[in-house]
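Overview (structure and organization)
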Amino acid sequence: MRYEGPIYRPPSESDSLLIQATIGCPHNKCTFCMVYKRGPKYRARSVDEVKQDIDEAKRIYGKGIRSVFLPAGNTIAMPTDDLARICEYLRLTFPALERITIYGSAQYICKKGLKDMRKLREAGLSRIHVGLESGHDLVLKKVKKGATRSQQIEAGLIVKEAGIELSEYVILGLAGRDLSKEHAIATASAIDEIAPHFVRIRTFVPKINTLMLHELKKGRFKMLSPHEVLEEAKLLIENVQTRTTVFSDHYTNYINLEGELPEDKNRLLKMIDVALRWDESSFRPFFIGTE
Ligand code: SF4
């Protein structure tokens, strides 16, 4: 199988077969993301090329594959018909397949619309990981996410209406000190409006080759301390009213906040309160991310 450029997948896809359908990210502007800043340039692979990889995967692993993730950064942006043909071929090749997952940003989901998303669901696409990052328009603008709060909400609702499972990523600390509270409250209300199946929490870590690291070094962005991140997490969890599953499956987080909302809300808030009593030096140290 051929892979080109950085290959990232969500931690929840660690056991999945990785079949690369696109290369790079068509947006590639988020100021916190270093993944494709040095290339390669975005392109979708041809269906024939991807089919050859699927055939090879069957030769190597047999036909019992149960889950597939299709890198790279924004596979939802590839032509709908091509992505649908890839999903159909995967289902044909691996009859036991239970899940096909991709990354997809809100702007590309909105552009495709409900009709295309339904077509993808019928072809077998079953889960999309979307970077909500924040529900606050100013934060989204500052980090050049390429989507407004209302587009994020619209995209989330389209995905759900199409019958596709939706994972929304949230980054604690992304707004820095200046907008921390606003970021937490607006993100909670966006989650409420979308009601995604999963919310996946990450904590902002400045990465090499990113504008945010540059801003931090220039003193124009103020990082949150571990306690401030926990206060932000508390505000977020307190304000989410919808039913959803929260995951904390990432090395950047200070504590492991996982559970069902609303049932586990009090337990999660108590965990945060306990962690807030720990000395800040007991959390992982500040570091600059290199991958
Ligand atoms: S859309 Fe995703 S992969 Fe692309 S630049 Fe933003 S965070 Fe990185």
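Below: a short report on this structure. What you are looking at is a predicted structure, and each value in this text was computed from that prediction instead of being measured. (Residues numbered from 1 in each chain as written. Predicted model: local features only at pLDDT ≥ 70, side-chain atom pairs only at ≥ 80, totals over all residues. Heavy atoms only, no water.)

**What to know about the pairing of strand β9 (residues 244–247)**
- Strand direction decides the pairing type here: strand β8 (residues 198–203) and β9, joined by three bridges, are parallel. Along β9, the bridge assignment pairs F198 with T245.
- Of the strand pairs in this sheet, β9 and strand β10 (residues 259–261) are connected by three bridges, and their pairing is antiparallel. Each bridged residue has a counterpart across the sheet, and for T245 the counterpart in β10 is E260. (Pairing = 2+ DSSP bridges. Helix = DSSP H or I, 4+ residues; strand = E, 2+ residues; numbered from the N terminus.)

**Here we look at empty space enclosed by the protein**
- Overall, the coordinates contain three cavities of 30 Å³ or more when judged by the stated rule.
- Considered as a void within the structure, the largest cavity measures approximately 60 Å³ in volume.
- Around the largest cavity sit L172, I201, T203, V229, L230, A233, S248, N253, Y254, I255 and L257, which together line it.
- By residue class, the composition of the lining of the largest cavity is eight nonpolar, three polar and no charged.
- Here the second largest cavity defines a volume of roughly 40 Å³.
- Around the second largest cavity sit G173, T203, F204, M223, L224, V229 and Y254, which together line it.
- Taken together, the residues that form the lining of the second largest cavity break down as five nonpolar, two polar and no charged. (1 Å grid on protein atoms, 1.4 Å probe; cavity = no way out; pocket = protein on both sides within 12 Å on 5 of 7 lines; lining within 4 Å. Points joined across faces, edges and corners; volume = space filled by probe spheres on them. Nonpolar A, V, L, I, M, F, W, Y, C, P; charged D, E, K, R; others polar.)

**Quick look at a nonpolar patch on the surface**
- On the surface, a nonpolar cluster with roughly 250 Å² of combined accessible area is contributed by I208, F286 and I288.
- Of note, F286 is situated in the segment after α9 (265–276). (Patch = residues over 30% accessible without salt bridge, like charges linked within 9 Å, V, L, I, M, F, W, Y side chains within 5 Å. Areas by Shrake-Rupley, 256 points an atom, 1.4 Å probe, with all protein chains shown as cover. Salt bridge = Lys/Arg side-chain N within 4 Å of Asp/Glu carboxyl O.)

**Some remarks on the side chain of R99**
- Inspection of the secondary structure assignment puts R99 in strand β5 (residues 99–103).
- Among the polar contacts listed, one links the side chain of R99 to the side chain of E13, at a separation of 3.0 Å.
- Ignoring anything within four residues of it in the chain, the contact list for R99 reads S12, E13, S16, R66, S67, V68, S126 and R127. (Polar contact = N/O pair within 3.5 Å; in protein donor to acceptor, adjacent residues only side chain to side chain. Contact = heavy atoms within 4.5 Å.)

**Things to note about the packing of helix α1 (residues 47–61) against helix α2 (residues 80–93)**
- Contact geometry of α1 with α2 gives a least axis separation of 10 Å together with a crossing angle of 20 degrees. Classified by the angle their axes make, α1 and α2 are roughly parallel. Judged by the sense of rotation from one axis to the other, the crossing of α1 with α2 is right-handed. On α2, the residues that touch V47, V50, K51, I54, D55 and K58 of α1 are D82, R85, I86, Y89, L90 and T93.
- Here the residues of the contact of α1 with α2 are counted per class, giving six nonpolar, one polar and five charged. (Axes fitted to C-alpha atoms, helices over the stretch in contact; angles between N-to-C directions. Parallel < 35°, antiparallel > 145°, perpendicular 65-115°, else oblique. Left-handed = near helix turned anticlockwise from the far one by under 90°.)

**Regarding the packing of helix α6 (residues 180–194) against helix α8 (residues 226–239)**
- At a minimum axis separation of 8 Å, α6 and α8 run at an interaxial angle of 30 degrees. Judged by the angle between their axes, α6 and α8 are roughly parallel. Between α6 and α8 the crossing geometry is right-handed. Touching S180, K181, H183, A184, I185, T187, A188, I191 and D192 of α6 are E232, L235, L236 and N239, all from α8.
- Its residues assigned to classes, the contact of α6 with α8 comprises six nonpolar, four polar and three charged.

**Concerning the site of the ligand**
- Every residue near the ligand is listed here: C25, N28, K29, C30, F32, C33, Y36, N74, S105 and K145.
- Of the pockets mapped on this structure, the ligand occupies the largest pocket.
- Of the residues that constitute the shell around the ligand, the class distribution is five nonpolar, three polar and two charged. (Near = heavy atom within 4 Å. Sits in = over half its atoms within 2 Å of the grid points.)

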